[in-house]
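If you want the building blocks of each chain, they are given just below.
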Amino acid sequence: EKKEGRANLDGAELTIVDLPGIYSLSPYSQEELVARDYIIGEKPDVVIDIVDATNIERTLYLTMQLMELERPMVLAMNFMDEIEKKGDTIDCDRLSKELGIPVVPISARTGYNVTELLYTAHRQIHIGYTLEPDDLYDEFTHQIHHRVGQLIHDRAYAAGLPAHWASIKLIEGDAIVEQALGLDPKTLDAVNAIAAEYSAAS
């Protein structure tokens, strides 16, 4: 399920949609399907990715997948109070520079910095999507994505899917994206051949 709430930010009425908690956008669970269908289909003005600061390695995988969906984004580092209790620190400014999106430290439990998170998200609505998805990968992976993208570009946009993201999903063997694109057998064979080439080289 997804839940909706409202917030007023200096006279601006915001609708906040809470999607199911997930760790990836792969179509292996109903929660993952709900989340990705909403982001792709409803095209929210901005995505707030709430990350568990005590387990960054596990949660940043989803962050990278969300960045591929080409929507304005903010990364919220939750449980920062727990990090401080342990005597640890996270350089949110450095992480923001590395990812290319704002990173805001918060504690949802105490309410720390949640208002600042909303202000940052509101700013991102006006700034828009500023990333280059290919910068997330090595040169070989970039070439593989580009080759698939050339084959499916027009079909992806006709289906309302980000072409870069659709290319990645086809390489991963995502049957739902494959069905949504409705590729002809010749194109599908070409895509599968490129995916096999990438798999063999990885």
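For every chain, the first residue of the written sequence is number 1, and numbering continues from 1 along that sequence. For a predicted model such as this one, the threshold for reporting local features is a pLDDT of at least 70, and the threshold for listing and counting side-chain atom pairs is 80 or more; totals across whole chains, interfaces and linings nevertheless cover every residue. Hydrogens and water are ignored here; the side-chain numbers use all heavy atoms of the structure.

(A) Geometry of helix α1 (residues 30-42). Across its 13 residues, α1 extends 17 Å between first and last C-alpha, which sits within 8% of the 18 Å expected from 1.5 Å per residue. Among the residues making up α1, those that are buried are Glu32, Leu33, Ala35, Arg36, Tyr38, Ile39 and Ile40. Note on contacts: a residue pair is in contact if any heavy atoms of the two residues lie within 4.5 Å. Secondary structure follows DSSP: runs of H or I at least 4 residues long count as helices, runs of E at least 2 residues long count as strands, and numbering of each begins at the N terminus. Summarising the contacts, the buried residues of α1 are in contact with β2 (12-18), β3 (47-52), α2 (56-67), α7 (163-171) and α8 (175-181). Lys43, located one to two residues past α1, shows a positive phi value of around 50 degrees. One less than the residue count of a helix, multiplied by 1.5 Å, gives the span that helix is expected to have. Exposed residues in this analysis have more than 50% of their type's maximum accessible area, buried residues have under 20%, and partly exposed residues fall in between, with area computed by a 1.4 Å probe over protein chains only.

(B) Region of interest: the pairing of β2. As paired elements, strand β1 (residues 3-9) and β2 share 7 bridges and run antiparallel to each other. Residue Gly5 lies in a different strand from β2, and its bridge partner there is Ile16. A strand pair is defined by DSSP finding two or more bridges across the two strands. Between the end of β1 and the start of β2, which pair antiparallel, lie 2 residues, with Asp10 showing a positive phi angle near 55 degrees.

(C) Layout of the packing of aromatic side chains. Between 30 and 60 degrees the pair is tilted, below 30 it is stacked and above 60 it is edge-to-face, where a pair is any two Phe, Tyr or Trp rings, Trp via its six-membered ring, whose centres lie within 6.5 Å. If you walk through the whole model with that rule in mind, you get 1 aromatic pair. For Arg58, the ring lying beneath its charged end belongs to Tyr23, and the centroid distance is 3.7 Å. Two limits define a charge over a ring: the Lys NZ or Arg CZ must be within 6 Å of the ring centre, and within 35 degrees of the ring normal.

(D) Structural context of the sheet that holds strand β5 (residues 103-105). Within the open sheet, the 3 strands sit side by side as β3-β4-β5. Their pairing is parallel. The open sheet is flanked by β3 and β5, the only strands paired with a single partner. Looking at each pair of strands side by side, their axes are set apart by 25 degrees on average, direction ignored. Relative to β5, strand β4 (residues 73-78) runs parallel, the two sharing 3 bridges. Note on β5: the bridge partner recorded for Leu75 is Val103. Fitted lines through C-alpha atoms give the axes, limited to the stretch in contact for helices. The angle between two N-to-C directions lies from 0 to 180 degrees.

(E) The pairing of β3, seen in detail. Here β3 shows one buried face, formed by Val47, Asp49 and Val51, and one open face, formed by Ile48, Ile50 and Asp52. In this sheet, β4 lies alongside β3 in parallel orientation, the contact comprising 6 bridges. Following the sheet pairing, Val47 is matched in β4 by Met73. As a crossover connection, the stretch from β3 through α2 into β4 is right-handed. We call a crossover right-handed when, viewed with the strands running away from us, the connection from the first strand over the helix to the second turns clockwise.

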